[in-house]
Structure formats: structure tokens, C-alpha cells
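Residue-level listing of the chains:
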Amino acid sequence: MIRILPVLAFPLHVKLRLPSNVIAAFNRTFLALLRLKSDTKNDFEILLGKTSAALYHEKVIDHYENPRNIGSLNKDSPNVGTGLVGAPACGDVMKLQIEVDDDGSVIVIMLELEGCAQTYAWGKQGLESSVAQLISTYLGKKISGDTPYAELWMGIHPSGPSRIRGTEQLLSEWIISHPESLGHKTRDVFGDNLPFLLKVLSVNKALSIQAHPNKFHAEQLHAERPDLYKDPNHKPELAVAVTKFEALCGFKTFSEIAKYLNDIPELREAIGKEELVQAFLNSAGDESHIREALRNLFEGLMINDNVRDPLQKLMLRIDSNKDDPAYSLCKRLMEWFPDDVGCFGPFLFNYIVLEPGEALFLGPNEPHAYIQGDCVECMACSDNVVRAGLTPKYKDVPTLVSMLSYQLRSAKEVKMAVETTTCPGTGATICRYVPPVKDFLVERYTVR
Ligand SMILES: [Zn+2]
């Protein structure tokens, strides 16, 4: 992987300090680059430093004025070589890094991507959105103050494909012609496809109550309703908070749900059938009965498309419980989505507040709804979402009700474990978020 690729006016190859296992590959590659970049014999001599090293070659100046292949590799990695030339004291420094595989071949040239911004209604507006800030600062995009910039996608999904920056070429096309860039471990499992999609989300108001199908179910849904379920892939997803980030995730414990059923007659009214409530309350102690009763109760609630009366009654007394975050969130949801049955969500689902750096993993068939904040999200390359509530989009209640796993757990079981290490020498902190799927993992580097 080459991330910094200036064509140098110095005989850099004699000044390199490289691990022995990469030096041969480095020299071979660097000389090949020199030949590649040299248009004339004269250029070649300049590049090899046979003329004054005090003058920068025009190609160095071009890289300075039009930066590309920018970034930094982990210099402590045994497969990374670093070449540095110049005088740091006067800022006159050029650096070249490569990463090679175990055979000594350069893995890939690092390319900058132009991601795809999605403007969904729930996004933060204008430059308040992290997405807008990113595409304005790094891609020079013009930002409209009244547009909600919700998501920035980086990957090959056809609903928002990335391009190689500065070209019209899609990342998916580039990968087809450079499949070796995926690495053999990825190709063995996923073929010649990038298996993941990386996003930045900037959430101003709640997303839908949703879940994502497993792989088998996704194939079925896509075959039956390709207009609604756009691809045949599963969509496990992992959200790492960038700011304080609120979400609903998974069903609460039995005792918590039972408490709200007892305390909130408006919730029982919205469920409609008192026998569903009693069946749930009487199922205590038997896990399979609890799940079945919860499924029936949840279905009774979600198929009710007229919950205006119970919500309005609840609104009248909601401030008397404002110290309970579930009631406060219910009130916020009612302001965003009046009359929506999803406003009862906080009484059934865990309310999670992530601090920056904390993460959630959402496996298949797990109900969730992001509420507010910014996050980086990584997922299998899919856009399959089954929705039921808190959305003007199509709600597929029967599918959602039938697919959920109805696992009950406490809020503190929902947050994801993070492995943290410190990189020797640099002091950089590396946080690893390792989900129970092969499609991706996320690392977060904090550089001092
Ligand atoms: Zn989701």
C-alpha cells in the first residue's frame, strides 16, 4: 500500500531505513516508479539526483500543489517501509511509505475516495451536519443550508457508490480490475467484492424502528420484493459514537417491560387487547413463554395505526415522570412523530446513550432505532432495512414482527466491548471493535 507517493528529486532509495524483509521490494518498486514517472531521459537523471538536489522536480511540485495518495501507514508494522528525506527543522521533508505482503509484493496503491452523501429527512441541516462538513472540507462540495445531510457512504453499494477521487471511475470498477487489492483472505470468503460499507451518520431526529434480516432471509426478501429489499445480503452493523449518541436497542428485561405495562394504561390501550398484556405478565419465569407473549404483545401494538388518543392522554401527564428517561424520550418522539405508534418504543426497548468512542453492534433480527448524534457506522454491504414505526417510509410490520428474536436484556449488556492497545513508540491509542461476523471490523486510532 503506497499512501504517500511524491516523485522525489533526491536519490531517496539510498537513504531508506527499511526492515530487511521489505527493502528489496521497496527498491524494486521505487525504481519502477521512477521509470514510470520519467517522460524523458533528462527527467530520469533529475529524478536520480544527478542534477542539483536543491531544485524540486516539477512532478514534486505537482504533488505538492495537487495532493494525492496522502496518509500514513503504521511505521511499526513489519511489512511497512518508511523513507524520509529533508530537514524537518525547516519543514523541507518528503516521506514515502509502502506496505508489502509476505511475498514482498506491494499490496495496493492507496486511493482517495469520493463518498456519496445521502440527504434523508432525519439528517442534520447544512453545515451543522458532520457529513456536510466532511464533503465541504475534503471534497469541496457546495452545501445548502436547508438540506439535511444524513449519511456519507464509502463503499460499492449501488444505492450510493464511491468513486476514485478526481475521476469518473467507480470503486467497484477499480476493484474488478484490481481484485488482488482485497487480499486473499477476503477473496476466499467474499469473492471479488468489497464486503463492507462504511458510513458517517449525522442524526438530527430519530430514524425508524427497524431490524435487518439474516443472510438467508435477505435472499428471500430480495427475491420476493426487490423494489423494497434492494440486495440479497445481510446487514449486521456496528456504530461507533463520534459525539454523544442516543439509540433504542433490543427489548428491555421482563421486569422493566412489566413495570411500564402496569404504570401506563395508555400503553395497554394502544396494545388493544388486555389478554395480550395479561398473557405477558403471567409468563414470568418461562423464557419461551415470555418470548411468545412479547411477540404477540408487540404485534398488537405495532398493527394499531390509530394511537392518537392514548398518546394525547399520555402527553398530558408525561412531565410528572420527566425524571425517567423513557418518558422524556417518548415526549421528544411525540414532538417529531405525532400519532406514531413508535412513540411507545422507549417503554419496550433499551434506551442507550453512547459516549464518544463507545459502540453498539446490531446483529440480525435485533430491533433498534438511532435517536440523535453523530457516529461512524460499518456494516456488511447491504441496504436491507425492515421498518415499522417512527418513519414516513413504508412500514413492513408483518415482516418485522415475524423476524425479531425477542431476546430480553438489560441496557448495560447492549454496549459493545472495546479492545484498547497503545502503539509502542508513537503512543497512539488503537481501539478495536470486533463484531461476531467476518464481513468487517473497525479500528479507531487516536494520534497524539
Ligand atoms: Zn439499522
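See the structure shown above.
Residues numbered from 1 in each chain as written. Predicted model: local features only at pLDDT ≥ 70, side-chain atom pairs only at ≥ 80, totals over all residues. Heavy atoms only, no water.

Time to look at the overall build of the chain. The helix and strand tally for the chain stands at 14 helices and 19 strands. A total of 448 residues make up the chain; the buried ones form 47% of that total. Across the chain, every contact between residues at least 6 apart in sequence was considered, and the portion connecting residues at least 24 apart equals 71%. About 21,900 Å² of surface is accessible on the chain, with carbon and sulfur atoms providing 53% of the total. (Helix = DSSP H or I, 4+ residues; strand = E, 2+ residues; numbered from the N terminus. Buried < 20%, exposed > 50% of the residue type's maximum accessible area, 1.4 Å probe, protein only. Contact = heavy atoms within 4.5 Å. Areas by Shrake-Rupley, 256 points an atom, 1.4 Å probe, with all protein chains shown as cover.)

In this structure, Gln210 (OE1), His212 (NE2), Glu237 (OE) and His368 (NE2) serve as the protein donors to the zinc ion, at separations of 2.0 to 2.4 Å. Given four donor atoms and angles of 90 to 169° at the metal, the environment of the zinc ion is assigned as irregular. Donor residues for the zinc ion sit on one chain with the sequence pattern Q-x1-H-x24-E-x130-H. Pair noted here: Gln210 is in strand E10 (residues 210-211) and Glu237 is in strand E11 (residues 237-241), with a separation of 27 residues, a long-range link. By the burial criterion, Gln210 is buried, and Glu237 matches it. (Donors = N, O, S within 2.8 Å, 3.2 Å for Na, K, Ca; no water. Tetrahedral: all angles 85-135°; square planar, octahedral: opposite > 155°, others 65-115°.)

What follows deals with the pairing of E11. Among the five residues that make up E11, five are buried, leaving the element largely enclosed by the rest of the structure. Residues of E11 alternate between two faces, with Glu237, Ala239 and Ala241 on one and Leu238 and Val240 on the opposite face, all of them buried. With four bridges joining them, E11 and strand E14 (residues 359-362) adopt antiparallel strand pairing. Across the sheet, the residue bridging to Leu238 is Phe361, located in E14. Of the strand pairs in this sheet, E11 and strand E15 (residues 368-380) are connected by five bridges, and their pairing is antiparallel. Of the residues in E15, the one forming a bridge with Val240 is Val376. (Pairing = 2+ DSSP bridges.)

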